[in-house]
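# Summary of structural features
Residues per chain are reported as follows:
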Amino acid sequence: MNYFLTEEQQMIVDTARDIAHKYILPVREKYDHEGIFPWDVVEKLAEADMCGLYIPEEYGGFGGGVMELCLAVEELSKIDGGISLALAATALGTFPILLHASEEQKKKYLPDIAAGKSIAAFGLTEANAGSDALGMKTTAVLDGNEWVINGTKQWITNGENAKVYTVFAKTNPAKGARGLSCFIIEKGTPGFTFGKHEDKMGIRASSTTELVFQDCRIPKDAILGKEGLGAIVAIHTLNNSRPGVGSQALGIAAGALDDAVKYSRERVQFGSPISSFQAVQHMLADMATEVEAARALMYATARWVDDLKKNGSRESFAKESAMTKLFCSDVAMRVTVDALQVMGGYGYMKEYPMEKRMRDAKITQIYEGTNQIQRNEIALQLIKGAAS
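Residues numbered from 1 in each chain as written. Predicted model: local features only at pLDDT ≥ 70, side-chain atom pairs only at ≥ 80, totals over all residues. Heavy atoms only, no water.

## A look at the packing of aromatic side chains
Taken as a whole and judged by the stated rule, the model has 12 aromatic pairs. When the ring of Trp147 is compared with that of Phe183, the centres are 5.2 Å apart and the planes differ by 65°; the resulting orientation is edge-to-face. You can see Trp147 sitting in strand E3 (residues 146-157) and its partner Phe183 sitting in strand E5 (residues 180-186), a full 36 residues away along the chain. Accessibility expressed as a relative area gives 0% for Phe183, which makes it buried. (Phe/Tyr/Trp six-rings, centres within 6.5 Å; stacked < 30°, edge-to-face > 60°. Helix = DSSP H or I, 4+ residues; strand = E, 2+ residues; numbered from the N terminus. Buried < 20%, exposed > 50% of the residue type's maximum accessible area, 1.4 Å probe, protein only.)

## Examining empty space enclosed by the protein
One water molecule sets the probe size; rolling that probe over the atoms shows where empty space is left. Scanning all chains against the criterion turns up 2 cavities of 30 Å³ or more. Here the largest cavity is characterised by a volume of approximately 70 Å³. Val42, Leu45, Cys51, Ala86, Leu87, Thr90, Ile113, Gly116, Ser118 and Ile119 together form the lining of the largest cavity. Of all the elements in the fold, those that place two or more residues in the lining of the largest cavity are helix H3 (39-47) and helix H5 (85-100). With 3 residues, H5 is the largest single contributor of residues to the lining of the largest cavity. Of the residues assigned to the lining of the largest cavity, the class counts are 7 nonpolar, 3 polar and no charged. Approximately 40 Å³ is the volume found for the second largest cavity. (1 Å grid on protein atoms, 1.4 Å probe; cavity = no way out; pocket = protein on both sides within 12 Å on 5 of 7 lines; lining within 4 Å. Points joined across faces, edges and corners; volume = space filled by probe spheres on them. Nonpolar A, V, L, I, M, F, W, Y, C, P; charged D, E, K, R; others polar.)

## Some remarks on the environment of Ala174
For Ala174, the position within the fold is in the loop between strand E4 (164-170) and E5. The exposed category is assigned to Ala174, whose relative accessible area is 77%. A sequence separation of 74 residues divides Ala174 from Gln248, and the C-alpha atoms of the two residues are 38 Å apart.

## Focus on helix H6 (residues 103-114)
Along an α-helix, residues three or four apart share an orientation, since each turn contains 3.6 residues. Look at H6: 16 Å from first C-alpha to last across 12 residues, which is about the 16 Å you get at 1.5 Å a residue. Among the residues making up H6, those that are buried are Gln105, Lys106, Tyr109, Leu110, Ile113 and Ala114. End-on view of H6: buried residues confined to an arc of 130°, all on one side of the axis. Residues Glu104, Lys107 and Lys108 are exposed on H6 and point more than 90 degrees away from its buried face. At the exit of H6 stands Gly116, carrying a positive phi of roughly 80°. (Expected span 1.5 Å × (residues − 1). Arc of directions from axis to C-beta.)

## Some details on the pattern of salt bridges
The final tally for this structure, using the stated rule, is 24 salt bridges. Between Asp18 and Lys22 there is a salt bridge whose closest N-O contact spans 3.7 Å. With a gap of 4 residues between them, Asp18 and Lys22 both fall in helix H1 (residues 7-24), about one helical turn apart. Given the relative accessible area of 37%, Asp18 is considered partly exposed. Judged by its relative accessible area of 51%, Lys22 falls in the exposed class. Of the charged contacts, one joins Asp259 and Arg357 as a salt bridge, the two residues approaching to 3.0 Å between their closest N and O atoms. Of the two residues, Asp259 sits in helix H7 (residues 230-266) while Arg357 sits in helix H10 (residues 354-363), which places them 98 residues apart along the sequence. You can call Asp259 partly exposed: its relative accessible area is 21%. Arg357 gets classed as buried once you look at its relative accessible area, which sits at 6%. (Salt bridge = Lys/Arg side-chain N within 4 Å of Asp/Glu carboxyl O.)

So, in structure tokens, the structure goes:
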């Protein structure tokens, strides 16, 4: 289907596809098996000026938005949904800076991220604070001209490989959501170390690590926005980043569909390729329809988000962002399961990438808000809209 991409957007797709096939495809099995972080791929993305797709030109970026980021992540994820996170998770960690940082903070951090010299991470989740972010225990106490951070963040994508972290902490626990604040913390800051490195079911080429803060002192001006705005920073960030999860899920599903179609034409049973069997044809047809529907929703949402921001509109896109993450990730799970079924026993073997695609797809239904939380958000926005 023609989605009327601009010439620049098509160039992004072509470049990401080229990088994926040349530099990700040959190593994806090894990197998944050994849990290797894809620094070599990050270097190739940086050489192709892909790291700053969503960062304004004045900070060394491409000047695109969510749409351009999603196009690249989708193509990379068609080959490996874990390796694509080096780009996607950096965007998640960068959005708080893009949306709420001072001009001085933007000039300090964004150019290196855009150039691929630095990757970022987003520090919100804790052991007892997943869907319930207000349950976090990490605190930030102002001591003179410094904030003192104490606490542990869990399941942080890009983990110990990032250089810049946007970290959330309670600055006034008595105020609930208004008592959260967000801070920029650099790797190497005294009192900031790393804990457990998670051994995951999928996305194994992406590092997932605890962040540990023990009397970690950062400058007073390391806060994003002002004290008490942390909940707003988190909400704005996730509304902007969830289409990116959708694009990762979409890429995983599209790659699985391509593999299933190819296999069905090559696999012969009862004297005929299994693609000639109506049962298989119907599965392929359903998968293709869901993938195309997911792509249409994701592209429409990404374009709308960018258009609203460009025009300075305050209109909320929380519902559409949640719908995109929800639908694309559910499609990824259904498509990878059905694609594996088309491949039968071969699909179940690690010799083929299908079982990996299914493992990678599952996390897209969980992180950046479980799909149950997305349904809550969608319903809330629908009810609010009906009452206005």
